[in-house]
Amino acid sequence: MHESSEKSGRPDIDSAGHIGIIDYGICNVGSVRNMLRRSGALATCISSPDELADFDRIILPGVGHFQAGMANLANGGWIEPIRHIALVEKKRILGICLGMQLLAHHSEEGDCEGLGLLDMDVKHFDRSRLSAELPIPHMGWSEVDAVGAHPLTHSEQAEKQRFYFVHSLHVSLRSDGVQPLFWCNYGYPFIAGCARDNIMGMQFHPEKSHMFGVELLTNFARM
Amino acid sequence: MRRLRFIPVLLLDGTSAIKTHRFAPARYIGDIVNAAQIFNSKMADELIVIDVGVHKKGASQPHVIRHLAEECFMPLAFGGGINSVAQAAALFKHGIEKISINTAFVEGGTLIEEAAKQFGSQSLVASIDAKREADGRYQVYSRGGTRALGVSPVEMARRAADQGAGEIVIQSIDRDGMRVGYDREMVRSVVEATTLPVVALGGADTVADLARIIIEDGASAAAAGSMFSFYGRLQAVLINYPRADEREQAVAKACELATA
C-alpha cells in the first residue's frame with residue numbers, strides 16, 4: 001500500500017540486516033514490526049536480552065508511564081544488555097516515544113532514573129508556557145522541522161513531514177553533544193527527535209504516521 | 001502547526017462493519033478489515049472501531065483486532081464491552097493505541113482510574129453517549145443507549161477528568177446516523193467543562209461540519225461514521241475521506257466564520 005519511493009527499494013533493505021524490536025511487555029510492538037515489514041525490512045520482536053546479539057539494529061518502543069517502563073526493563077534484565085550494545089558494541093538503537101524518553105538520564109514522571117544513554121532529561125510540558133486551549137497530553141498529528149543533515153530525517157515527500165504524537169512529557173538536552181534532529185512546536189518548541197552517533201530517539205510514533213513513518217523507519221533500516 | 005483531526009468511526013459486528021441509526025443497527029458496510037484498509041490508504045488521521053456486537057455475541061475475536069492493528073498505520077482506538085484492566089492490557093498487546101471505555105465508566109466504575117495508573121492517561125478514552133431530552137436538558141445513557149443514568153454529560157466529563165482519562169468522546173445518540181450536523185451546544189458545554197481533548201461524534205454531514213466543530217466550538221477532533229461510509233444522493237456504501245484540498249477549503253471557511 002505504501003511502496004513508495006525508489007530509496008526504499010529492496011536491495012538496500014536486504015543488505016541492511018535484521019532489526020530487533022524489544023518487547024518488554026509495556027506496549028504494542030506489533031505495529032512497529034508490521035510497518036517495518038511493509039517497508040521491506042526484516043524485523044523481529046524479541047522478548048529476551050540474549051536475543052540482542054542476533055541483530056545489528058535495535059528499536060526500543062514504548063508507551064505509558066516512565067517508571068513502569070524502567071521497572072519492566074529492570075524485571076526483564078534488559079538494562080545492562082541495552083547499555084552494552086549501545087555504548088560498547090555501538091549498535092544502532094532507536095527509541096520511540098517512551099522508548100526515546102527511557103534513553104535519558106532522568107524523568108520527572110515518577111522522579112525516576114533512565115538508561116542514561118543520551119545526555120538529556122525528561123520534563124513535563126510547562127503548563128505556564130502553554131495557552132489554556134492547548135490540552136495535555138499533546139495528542140495528534142504535528143508538523144516537524146528537520147534540522148541539520150542526518151540520514152534519519154531524509155524525506156522525499158512533497159508535503160512537510162508530519163507525525164503522530166501522544167505525550168505529556170518531552171526531552172530537554174543537557175549538553176550539545178546530543179544533536180537535535182526534529183523540532184516540533186506545541187505552545188513552545190520542543191525536541192521531537194535527537195541523536196548522538198548510534199543512539200537515536202523519536203518522540204512521535206512513526207509506526208502510526210502513514211508514509212512519513214514508513215520513510216523514517218526505512219531510513220533507520222538503511223543507515 | 002497542529003493539524004485538525006478528522007476521525008472515521010467503524011462499528012464492528014462479528015467481522016463486519018455496520019452503521020447504526022440512533023443506535024439501532026441499520027446497514028451493512030462491509031468487511032471491517034477491508035474498510036480499515038481503505039481509510040489507511042486514504043491516510044485518515046486516526047480510526048475508531050467500536051464493537052457493537054459484543055453484548056449479544058461476546059467479545060470480538062482477537063485475530064480480528066490483531067489484523068485491524070496490522071493494517072492501520074494510523075492511531076487506532078478500540079471500544080465496546082471493555083470492563084477489566086486485563087482486557088485493556090490484551091488490546092494494547094494486540095496493537096491498539098487507545099481504548100475507549102463507556103459502560104464501565106459512566107455507570108460509576110473505576111476502570112479508567114485503574115487503567116490510567118497502569119497504561120497512562122493518554123491511552124484512555126472516556127466515551128460518553130448522551131441524548132437531548134424533551135425538556136432540552138442532556139442526559140447520559142449507558143449500554144448502547146438503553147439505560148438512562150440521570151447525569152449530565154458535563155458532570156460526566158468532569159468525572160472522566162478526575163479519573164484520569166486522556167480524552168473524551170461525546171456522542172449524540174439522537175443524531176447518530178442522521179447527518180443533520182453535530183449537537184454543537186452539547187459539544188461546547190463539554191469542551192468548556194474540561195481541559196481534556198474532546199472528540200465530537202454524532203450527526204456530522206459535511207467536511208464543513210468537521211472543521212467548524214473544532215474551530216468554532218473548541219473540539220479537539222471531529223469524528224463521524226455515516227459521512228465516511230456513504231456517498232451521494234442515494235447514500236450508497238462508499239468508504240470516503242476528505243482530500244487535502246477539501247480539508248484546507250473547509251478549514252479556511254470555518255476560520256472565516258469564526259472571526260466574522
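Residues numbered from 1 in each chain as written. Chains lettered and ligands numbered in written order. Predicted model: local features only at pLDDT ≥ 70, side-chain atom pairs only at ≥ 80, totals over all residues. Heavy atoms only, no water.

A. Up close: the nonpolar core. Core analysis: the biggest nonpolar cluster contains 75 residues, and B:F6, B:I32, B:L47, B:V49, B:I99, B:F105 and B:L210 have the highest contact counts within it. Filtering out sequence-adjacent residues up to four positions away, B:V49 remains in contact with B:L10, B:L12, B:I32, B:L68, B:L76, B:A77, B:F78 and B:G79. One finds A:I59, A:L60, A:A195 and A:I199 within the second-largest nonpolar core, a separate group that totals 74 residues. (Core = buried A, V, L, I, M, F, W, Y, C linked by side-chain atoms within 4.5 Å. Buried < 20%, exposed > 50% of the residue type's maximum accessible area, 1.4 Å probe, protein only. Contact = heavy atoms within 4.5 Å.)

B. Broad picture of the side chain of A:R57. Residues and elements named next belong to chain A. The residue R57 is located in strand β3 (residues 57-60) in this model. Polar contacts involving the side chain of R57 include one to the side chain of D56, which spans 3.3 Å. Within the structure, the side chain of R57 is placed 3.3 Å from the backbone oxygen of A221, a separation counted as a polar contact. (Helix = DSSP H or I, 4+ residues; strand = E, 2+ residues; numbered from the N terminus. Polar contact = N/O pair within 3.5 Å; in protein donor to acceptor, adjacent residues only side chain to side chain.)

C. Spotlight on helix α11 (residues 244-259) of chain B. All names here are of chain B. Here α11 spans 23 Å end to end across 16 residues, near enough to the 22 Å set by a 1.5 Å rise per residue. Looking at α11, one finds that the buried residues are R247, A250 and A254. In an axial view of α11, the angular spread of the buried residues amounts to 70°, which keeps them on one side of the axis. Turned more than 90 degrees away from the buried face of α11, the exposed residues are E248, Q249, E256 and T259. Those residues of α11 that are buried lie in contact with β1 (5-13) and α9 (207-215). (Expected span 1.5 Å × (residues − 1). Arc of directions from axis to C-beta.)

D. Main features of the packing of helix α7 (residues 153-163) of chain B against helix α8 (residues 184-193) of chain B. All names here are of chain B. Packing of α7 against α8 leaves a shortest axis separation of 9 Å and a crossing angle of 35°. When the axes of α7 and α8 are compared, the crossing they make is right-handed. When α7 is examined against α8, the residues P153, V154, A157 and R158 are found in contact with a partner set consisting of M186, S189, V190 and A193. Across the contact of α7 with α8, the residue classes break down as six nonpolar, one polar and one charged. (Axes fitted to C-alpha atoms, helices over the stretch in contact; angles between N-to-C directions. Left-handed = near helix turned anticlockwise from the far one by under 90°. Nonpolar A, V, L, I, M, F, W, Y, C, P; charged D, E, K, R; others polar.)

E. View of the pattern of salt bridges. Residue and element names in this part refer to chain B. A complete count under the given rule lists 26 salt bridges over all chains for this structure. A salt bridge links R5 to E167; its shortest N-O distance comes to 2.8 Å. Here the residue R5 occupies a position in strand β1, and E167 occupies one in strand β10 (residues 167-172), the gap between them amounting to 162 residues. With a relative accessible area of 3%, E167 lands in the buried category. A salt bridge links E216 to R184, with the shortest nitrogen-to-oxygen separation between them at 3.0 Å. With E216 in the loop between α9 and β12 (221-224) and R184 in helix α8, the pair connects residues that are 32 residues apart, well separated along the chain. Under the relative-accessibility criterion, E216 is labelled partly exposed at 25%. (Salt bridge = Lys/Arg side-chain N within 4 Å of Asp/Glu carboxyl O.)

F. Spotlight on the interface of chain B and chain A. Between chain B and chain A, the contact holds 30 residues from the first and 31 residues from the second. Both faces combined, the contact of chain B with chain A buries some 2900 Å², and carbon together with sulfur accounts for 60% of it. For the interface between chain B and chain A, the tally reads two salt bridges. When the shortest N-O distance is used, the salt bridge between B:E97 and A:K208 registers 3.3 Å. Joining chain B to chain A, the criterion identifies nine residue pairs in polar contact (both at pLDDT 80 or more). At the level of elements, α1 (32-41), α3 (62-71) and α4 (85-93) of chain B are the ones that each hand at least two residues to the side of chain B that touches chain A. Of the residues contributing to the side of chain B that touches chain A, the split by class is 12 nonpolar, seven polar and 11 charged. (Buried area = accessible area lost by both parts, 1.4 Å probe.)

Without other data, these values stay purely geometric and don't point to any function.
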